[in-house]
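Commentary on secondary and tertiary structure
Below, each chain spelled out in residue letters.
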Amino acid sequence: LGKVAGIEIRVHASFAILVVLFALAFSQPGAAGPLAGLTWLVIIFSCVVVHELAHSIVARRRGAVVHEILLLPIGGVSKLEQLPGTPSDEFAIAIAGPLASAAIAGAGAALATAMGVRLLPVDLLSGSLLSRLVWFNLIVAGFNLLPAFPLDGGRVLRAWLERRLDLETATRHAARIGRWLAVSLAVTGLLVDVWLVVIGVFVYLGASAEEAATIVHARIGRLDVRDAMLVEPLVLEARTRTGDLGTFLRRTPQRIFPVIGAQGYAGMVTADAIDGAAPAVCVADVADPDALSVAPDASLEHEAVPMLQESPCGALAVVDAGRVVGLLRIEDVVHEVERRAPAEEPGRGASAAQ
Ligand SMILES: [Zn+2]
């Protein structure tokens, strides 16, 4: 759509569905017509942009890099480079959005009072534009303040819990509360409105995804690839015949091998591919030459993990100055995340013994 305050604002393609829905809903007999529907759609998403800009501008002032604001049919998302640094940063960034929405509602209500426009009854599809503007923004502010990830209120709650707990424990508590709230929303929705069920599912999944991402970040966020890789893995020479590797494969638990040719790193091959090949075939012929490699000093969380998620074989060769120095598999990262789990809190027995 363009840039506001240096932040790119983009619209997701699925937004087209919402345009059609609004045009249709406002074309019903007795409604204000498709043009009025689309005008209202533009207004409400302008309010969503203001809400997201408030998050983004505060985030940038506190040192975060803001990539863009993405508008989805269910609302807006501010894409930040990393999680907010300190609990007070997270609190300020999270609260800015609902405050901006509440400010629009407040200004609208003041204007309505001055102009003698009635604000009741609450109606988001008909009624005066000013009254709809006030109620829409009030609902956005209120809904986002529910203490459930990935909503703003969930972040406010975590920032508050972090005053006494570490990031991981605070996130676990906040995510648990978020999931309870999501289930309550969905159950209420079954009795009241099916939209609440959809929102409940969205909040439930969001809470779990946020929890997982935060735990990974808290445990391996500061590590490089070399901290988790398998050091000096077994490598295979590109011209070796697969028929000569039977005994070799039985003697090692390693199931995937970097391949080296005359020019250095030449791809990756799995034990299954070697097993399935005819004995006269070379390793190079059953290897994947496009398998990615990564440098040992690359960031584990921000560079290697996204590459691993894209990698068909689930492994990256670690290459330094043309030489294979390591192997990073998904299980190596999982192992590192598990190894760095905080120690269990001492139980009653342990504290009695002290
Ligand atoms: Zn928000």
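Details of the structure are given in the entry above.
Re the overall build of the protein chain
Tallying secondary structure elements over the protein chain gives 13 helices and 11 strands in all. In summary, the protein chain has a C-alpha radius of gyration of 27 Å against a globular reference of 20 Å for 354 residues, an excess of more than 25%. Principal axes of the C-alpha set define a box for the protein chain whose edges measure 90 × 60 × 40 Å. Here the protein chain holds 354 residues, and the buried ones make up 40% of them. Excluding contacts between residues fewer than 6 apart, the proportion of contacts in the protein chain whose partners are at least 24 apart in sequence is 60%. Carbon and sulfur atoms make up 62% of the accessible area of the protein chain, which amounts to about 19,400 Å² in all. Where the 28 positive side-chain charges of the protein chain centre and where its 35 negative ones centre are 5 Å apart.

Considerations on the coordination of the zinc ion
Coordination of the zinc ion by the protein is provided by His 51 (NE2), His 55 (NE2), Asp 152 (OD) and Asp 152 (OD), with metal-donor distances spanning 2.0 to 2.7 Å. What the four donor atoms of the zinc ion show is an angle range of 53 to 153° at the metal, which sorts the shape as irregular.

Comments concerning the packing of aromatic side chains
Counted by the stated rule, this structure contains two aromatic pairs. Centroid distance Trp 40 to Phe 136: 6.2 Å. Interplanar angle 75°. Geometry classified as edge-to-face. You can see Trp 40 sitting in helix α2 (residues 34–61) and its partner Phe 136 sitting in helix α4 (residues 129–144), a full 96 residues away along the chain. Overall, Trp 40 belongs to the buried group, its relative accessible area being 2%. The ring centre of Trp 40 lies 4.9 Å from the NZ or CZ of Arg 132, which sits over that ring.

Details of unusual backbone geometry
For residues that are not glycine, phi is negative in most cases, and the peptide bond is trans in most cases. Even without being glycine, Glu 232 reaches a positive phi, approximately 45°. Mapped onto the elements of the fold, Glu 232 is located in the loop between β5 (230–231) and β6 (236–237). Not every positive phi belongs to a glycine, and Ala 321 is a case in point at roughly 50°. Relative to the assigned elements, Ala 321 resides in the loop between β10 (315–320) and β11 (323–329). Of the residues examined, Ala 321 reaches a relative accessible area of 81% and is grouped as exposed.

Thresholds, definitions, all that
Residues numbered from 1 in each chain as written. Predicted model: local features only at pLDDT ≥ 70, side-chain atom pairs only at ≥ 80, totals over all residues. Heavy atoms only, no water. Helix = DSSP H or I, 4+ residues; strand = E, 2+ residues; numbered from the N terminus. Rg over C-alpha atoms; globule rule 2.2 N^0.38 Å. Buried < 20%, exposed > 50% of the residue type's maximum accessible area, 1.4 Å probe, protein only. Contact = heavy atoms within 4.5 Å. Areas by Shrake-Rupley, 256 points an atom, 1.4 Å probe, with all protein chains shown as cover. Lys, Arg positive; Asp, Glu negative; His and termini not counted. Charge placed at Lys NZ, Arg CZ, Asp CG, Glu CD. Donors = N, O, S within 2.8 Å, 3.2 Å for Na, K, Ca; no water. Tetrahedral: all angles 85-135°; square planar, octahedral: opposite > 155°, others 65-115°. Phe/Tyr/Trp six-rings, centres within 6.5 Å; stacked < 30°, edge-to-face > 60°. Lys NZ or Arg CZ within 6 Å of the ring centre and 35° of its normal.

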